[in-house]
Amino acid sequence: ILQLLDESFRSGEGDELGYNSDNLVEIFDDDSDADPDFVVSEHDSVSDGDIEISQPGPSTSTKRKIFSSTPKKHLSHKKPRLCVHNQQNKTITLDSQNTSDNQSWKPVDSTFNVYPYNPENESVGINPDIIDSMSNCSPIDFFQLFLDEEVLLLLVTETNRYAQQCLKIAYSPHSRLAKWTDCTVEEMKNFICILIMMGLQQLPSLAHYWRQDDMYISRIPEIMSRNRFELLLRMFHFSDNETVQQGDRLSKVSNLVTILNVKFKMYLSPKDKICIDESVVPFLGRLIFRQYLKNKRHRYGVKIFKLCVEGGYTLQYKIYSG
């Protein structure tokens with residue numbers, strides 16, 4: 001092989017291949033002494049199978065191709081060590097380099113922070129005051145524990161404020177906004193009632209709820225006119241647009257979320273079993289933090305993280321805004 005290479009260099013073919021007499025020694029140089037990671041193996045010696053020289057023929061080129069089919073170095077990496085915990089809360093490490101017949105277990109001193117549940121023996125479960133005062137109440141009374149006067153006043157105040165801000169902008173005298181009158185707490189209750197009824201009885205469009213056909217029978221026209229409902233739906237607000245923080249994606253609903261989280265904790269004290277769950281509110285509109293979850297029943301919507309207790313009660317919730 002060396003004789004053939006020497007002949008190729010003398011004839012000038014070695015220059016075409018990119019080799020010369022100076023780097024010829026580097027090709028066959030053994031750097032096992034200079035490389036500390038070098039591992040000697042049975043394939044390190046140069047054999048006839050490592051270098052292939054194609055002789056010129058009728059179907060081949062006159063250039064001789066040199067390549068190596070055997071790796072020259074084998075790097076040895078340290079295998080990871082496994083760490084497990086036994087029933088006595090002691091950490092034991094297992095050296096994975098050992099075989100299954102010769103395993104080495106070593107105890108490691110470690111401490112774990114164990115927080116006792118309810119150290120002051122406080123009452124847990126539903127608030128006793130709620131049980132005594134609402135023993136003979138209807139479901140609407142329990143609903144009003146969360147949607148009480150405080151929440152309704154917030155909705156009425158911010159809705160009327162936003163309507164007054166819109167009235168300062170030029171508008172057509174024939175628009176519905178010109179007929180705006182301030183909303184009241186009782187009217188806000190009727191508005192929320194209509195929203196719940198629409199969720200239970202779904203029709204093709206909003207106008208179908210006010211149709212007089214026998215096919216679309218609904219009591220919604222008896223509660224509120226369609227023009228007034230659409231006007232309230234346009235002005236429905238939870239916060240003041242002039243005081244919202246720039247960059248806060250949840251600034252429009254943060255006031256309502258804060259009030260509801262306080263009320264959720266007020267009426268129930270959790271036991272020792274709680275979990276964090278996620279829920280998706282279906283939504284197909286334009287929203288920057290709308291999520292796509294292909295494994296959910298509703299793929300598009302707003303993701304909510306909830307802290308839940310046994311029975312499905314939501315103790316706290318947080319809207320994911322990206």
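- As recorded by an unreviewed UniProt entry, the protein chain carries the name PiggyBac transposable element-derived protein domain-containing protein and is attributed to Homalodisca liturata.

**A closer look at the environment of H208**
Here is step 1: Tracing the chain through its elements places H208 in the loop between α7 (185-200) and α8 (220-223).
Here is step 2: For the pair H208 and S218, spaced 10 residues apart in sequence, the C-alpha separation works out to 9.3 Å.
Here is step 3: With sequence-adjacent residues up to four places away left out, H208 is seen in contact with L203 and Y216.
Here is step 4: A distance of 2.4 Å separates the side chain of H208 from the side chain of S205, its partner in a polar contact.

**Overview of the side chain of D240**
Here is step 1: By the element assignment, D240 lies in the loop between α9 (226-235) and α10 (254-266).
Here is step 2: Given the relative accessible area of 14%, D240 is considered buried.
Here is step 3: Discounting residues that sit within four places of it in the chain, D240 has contacts with E158, R161 and Q165.

**A word on the confidence of the model for the protein chain**
Here is step 1: Averaged over all residues, the pLDDT of the protein chain equals 76, while 68% of them reach at least 70.
Here is step 2: Taken together, the stretch residues 23-30 has pLDDT below 50 and engages in 11 contacts with residues farther than four places along the chain or on a different chain.
Here is step 3: Per-residue pLDDT stays below 50 along residues 44-77; that stretch engages in 51 contacts with residues further than four places along the chain or on separate chains.

**Points about the pairing of strand β8 (residues 300-309)**
Here is step 1: The pairing of strand β6 (residues 274-282) with β8 spans 9 bridges and is antiparallel. Bridge pairing in β8 places E278 opposite F305.
Here is step 2: With 2 bridges connecting them, strand β7 (residues 291-292) and β8 associate as antiparallel partners. Looking at β8, one finds that Y292 is bridged to Y300.
Here is step 3: Note: β8 against strand β9 (residues 314-319), 5 bridges, orientation antiparallel. Across the sheet, residue L307 finds its bridge partner in β9, namely Q316.
Here is step 4: Turn length for the β8-β9 hairpin, with the two strands adjacent in sequence and antiparallel, is 4 residues, and the turn residue G311 shows positive phi of about 95 degrees.

**Let's talk about the layout of surface pockets**
Here is step 1: The space that makes up the largest pocket amounts to roughly 1400 Å³.
Here is step 2: Along the walls of the largest pocket sit 32 residues, with F238, V253, L256, V281 and I319 positioned nearest its centre.
Here is step 3: Elements with a minimum of two residues in the lining of the largest pocket: α5 (139-146), α6 (149-167), α7, α10, β6, β8 and β9.
Here is step 4: A class-by-class count of the residues in the lining of the largest pocket yields 25 nonpolar, 4 polar and 3 charged.

**Thoughts on the packing of aromatic side chains**
Here is step 1: In the structure shown here, the tally under the stated rule is 10 aromatic pairs.
Here is step 2: Considering the side-chain rings of F146 and Y267, the 5.6 Å spacing of their centres and the 85 degrees angle between planes classify their relative orientation as edge-to-face. With F146 in helix α5 and Y267 in the loop between α10 and β5 (268-269), this residue pair connects regions lying 121 residues apart in the sequence.
Here is step 3: Given the relative accessible area of 23%, F146 is considered partly exposed.
Here is step 4: Look at Y267 and you get buried, because its relative accessible area is 14%.

Parameters and conventions
Residues numbered from 1 in each chain as written. Predicted model: local features only at pLDDT ≥ 70, side-chain atom pairs only at ≥ 80, totals over all residues. Heavy atoms only, no water. Helix = DSSP H or I, 4+ residues; strand = E, 2+ residues; numbered from the N terminus. Contact = heavy atoms within 4.5 Å. Polar contact = N/O pair within 3.5 Å; in protein donor to acceptor, adjacent residues only side chain to side chain. Buried < 20%, exposed > 50% of the residue type's maximum accessible area, 1.4 Å probe, protein only. pLDDT = per-residue confidence, 0-100. Pairing = 2+ DSSP bridges. 1 Å grid on protein atoms, 1.4 Å probe; cavity = no way out; pocket = protein on both sides within 12 Å on 5 of 7 lines; lining within 4 Å. Points joined across faces, edges and corners; volume = space filled by probe spheres on them. Nonpolar A, V, L, I, M, F, W, Y, C, P; charged D, E, K, R; others polar. Phe/Tyr/Trp six-rings, centres within 6.5 Å; stacked < 30°, edge-to-face > 60°.

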